[in-house]
Amino acid sequence: MNGLTHLGEDGAARMVDVSAKAETHRIAIASGCITMSPQSLAAIREGDAPKGDVLGTARIAGIMAAKRTGELIPLCHPLGLESVTVDFAFEEGGIRATASASLTGKTGVEMEAMVAVSTALLTIYDMAKAIDKAMVIGEVRLIEKRGGKSGTWRGPAV
């Protein structure tokens, strides 16, 4: 066994069989950042971006993306999410997006939280690119996961 759960004995990709796993309450939190010019940051903060409500649109996009993760990431299970949140914080030179996803089920929601953050950040880029095409998306990572056989995991402090 090579330790990669998405590979069968023959090395072929496969969806992991979770049928024998117990259902537990599972939560994942992910974060990422988009850096931008002061002009872009001010336009978003003041609600003056050419395309309208940047953060409201990005929040909805992140939630929608989390719900479709099983369609976007080939070996992810389609999940019946019970909650998805996407929040934003203005930082020096950019905006941090933080997403959480949760459910009671047999598999974790880490990918759903990370897809939500990534999509929210991409939506911010799309909504503000008329002002600043040089924005940079980065630092997308899992912050914490809870539930399942492995219990709680927290990433290192940034």
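The coordinates are above.
This write-up is about the structure you can find in this document. (Residues numbered from 1 in each chain as written. Predicted model: local features only at pLDDT ≥ 70, side-chain atom pairs only at ≥ 80, totals over all residues. Heavy atoms only, no water.)

### Things to note about the pairing of strand 2 (residues 83–91)
Now for step 1: As defined by bridge partners, strand 2 adjoins strand 3 (residues 94–105) across nine bridges and the pair is classed as antiparallel. The partner of alanine 89 across the bridge, within strand 3, is arginine 96. (Pairing = 2+ DSSP bridges. Helix = DSSP H or I, 4+ residues; strand = E, 2+ residues; numbered from the N terminus.)

### Focus: the packing of helix 2 (residues 54–67) against helix 4 (residues 110–128)
Now for step 1: Relative orientation of the contacting elements helix 2 and helix 4 amounts to 145°, with a least axis distance of 7 Å. Our pair here, helix 2 against helix 4, has a crossing hand that is right-handed. Contacts from Val54, Leu55, Thr57, Ala58, Ala61, Gly62, Ala65 and Ala66 of helix 2 reach helix 4 at Glu112, Val115, Ala116, Thr119, Ala120, Thr123, Ile124 and Met127.
Now for step 2: Residues belonging to the contact of helix 2 with helix 4 are distributed by class as follows: 11 nonpolar, four polar and one charged. (Axes fitted to C-alpha atoms, helices over the stretch in contact; angles between N-to-C directions. Left-handed = near helix turned anticlockwise from the far one by under 90°. Contact = heavy atoms within 4.5 Å. Nonpolar A, V, L, I, M, F, W, Y, C, P; charged D, E, K, R; others polar.)

### With respect to helix 2
Now for step 1: The terminal C-alpha atoms of helix 2, which comprises 14 residues, lie 20 Å apart, in line with the 20 Å expected from a rise of 1.5 Å per residue.
Now for step 2: Among all positions of helix 2, only Val54, Leu55, Gly56, Ala58, Ala61, Gly62, Ala65 and Ala66 are buried.
Now for step 3: Next to the buried residues of helix 2 lie helix 1 (38–46), helix 3 (69–72), strand 2, strand 3 and helix 4.
Now for step 4: Capping of helix 2 at its N-terminal end is provided by aspartate 53; its side-chain oxygen lies 2.9 Å from the backbone amide nitrogen of glycine 56. (Expected span 1.5 Å × (residues − 1). Buried < 20%, exposed > 50% of the residue type's maximum accessible area, 1.4 Å probe, protein only. Polar contact = N/O pair within 3.5 Å; in protein donor to acceptor, adjacent residues only side chain to side chain.)

### Here's the deal with the packing of aromatic side chains
Now for step 1: Using the criterion set out here, one finds zero aromatic pairs in the structure.
Now for step 2: We note arginine 45 situated over the ring of phenylalanine 90; from NZ or CZ to the ring centre the distance is 4.3 Å. (Phe/Tyr/Trp six-rings, centres within 6.5 Å; stacked < 30°, edge-to-face > 60°. Lys NZ or Arg CZ within 6 Å of the ring centre and 35° of its normal.)

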